[in-house]
Amino acid sequence: MLKALITLVFVCMVASLVAGAGFLLRDQGRSRRLLISLKVRVSLATLLLALLAYGFYFGGLSGT
């Protein structure tokens, strides 16, 4: 379950990155959509790090 959640968060991060690149190319950086995409990506990265720390600390993920 934890590994699936980590994978889902990572895929969402990549999707946010692609969306941000599309907004940058389409809007030439003039809209707020690029900033919102960055905020989402930073939030997802924080969540991903928290899930990884939780997994390693409680043994859900092994270091080997």
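See the structure above.
As the structure is a prediction and not an experimental result, all values here were calculated from the model. (Residues numbered from 1 in each chain as written. Predicted model: local features only at pLDDT ≥ 70, side-chain atom pairs only at ≥ 80, totals over all residues. Heavy atoms only, no water.)

**Digging into the overall build of the chain**
For clarity, the cut-off: Each helix is a run of DSSP H or I of at least 4 residues and each strand a run of E of at least 2, with the numbering of both proceeding from the N terminus. Computation of the radius of gyration draws on C-alpha atoms, with the globule rule given as 2.2 Å multiplied by the number of residues to the power 0.38. Throughout this description, buried means an accessible area under 20% of the type-specific maximum (1.4 Å probe, protein chains only), exposed means over 50%, and partly exposed covers the range between.
Each helix and strand in the chain was counted, giving 2 helices and 0 strands. Here the C-alpha radius of gyration of the chain, 15 Å, is well above what a compact globule of 64 residues would show, namely 11 Å. By principal-axis analysis of the C-alpha atoms, the chain measures approximately 45 × 15 × 15 Å. Across the 64 residues in the chain, those meeting the buried criterion constitute 23%.

**Things to note about the nonpolar core**
We count it as follows: Only buried residues count toward a nonpolar core, which is a set of Ala, Val, Leu, Ile, Met, Phe, Trp, Tyr and Cys residues joined through side-chain atoms within 4.5 Å. Contacts: residue pairs with any heavy atoms within 4.5 Å of one another.
Counting residues in hydrophobic clusters, the biggest one holds 8 residues: Leu-2, Ile-6, Val-9, Met-13, Leu-44, Leu-48, Leu-51 and Leu-61. Sorting the residues of this core by element identifies helix H1 (2–27) and helix H2 (33–57) as the ones contributing at least two each. The leading source of residues in this core is H1, at 4 residues. Leaving out residues up to four positions away in the same chain, Leu-2 has contacts with Leu-51, Tyr-54, Gly-55, Gly-60 and Leu-61.

**Digging into the environment of Gly-59**
Within the fold, Gly-59 resides in the segment after H2. Residues Gly-59 and Met-1, 58 residues apart in the sequence, show an inter-C-alpha distance of 13 Å.

**A short note on H2**
Quick note on the threshold: The length a helix should cover is 1.5 Å for every residue beyond the first.
Across its 25 residues, H2 extends 36 Å between first and last C-alpha, which sits within 8% of the 36 Å expected from 1.5 Å per residue. Within the span of H2, buried status applies to Ser-37, Leu-44, Leu-48, Leu-51 and Gly-55. As for H2, its buried residues are in contact with H1. Where H2 ends, the next residue or the one after it, Gly-59, has phi of about 85°, a positive value.

**So, the pattern of salt bridges**
Put simply, the rule is: Any carboxyl oxygen of Asp or Glu that lies within 4 Å of a side-chain nitrogen of Lys or Arg is treated as forming a salt bridge with it.
Taken as a whole and assessed by the stated rule, the structure comprises 1 salt bridge. In this structure, the salt-bridge partner of Arg-33 is Asp-27, at a minimum N-O distance of 2.8 Å. The exposure class of Arg-33 is partly exposed, given its relative accessible area of 36%. The class for Asp-27 is buried, based on a relative accessible area of 18%.

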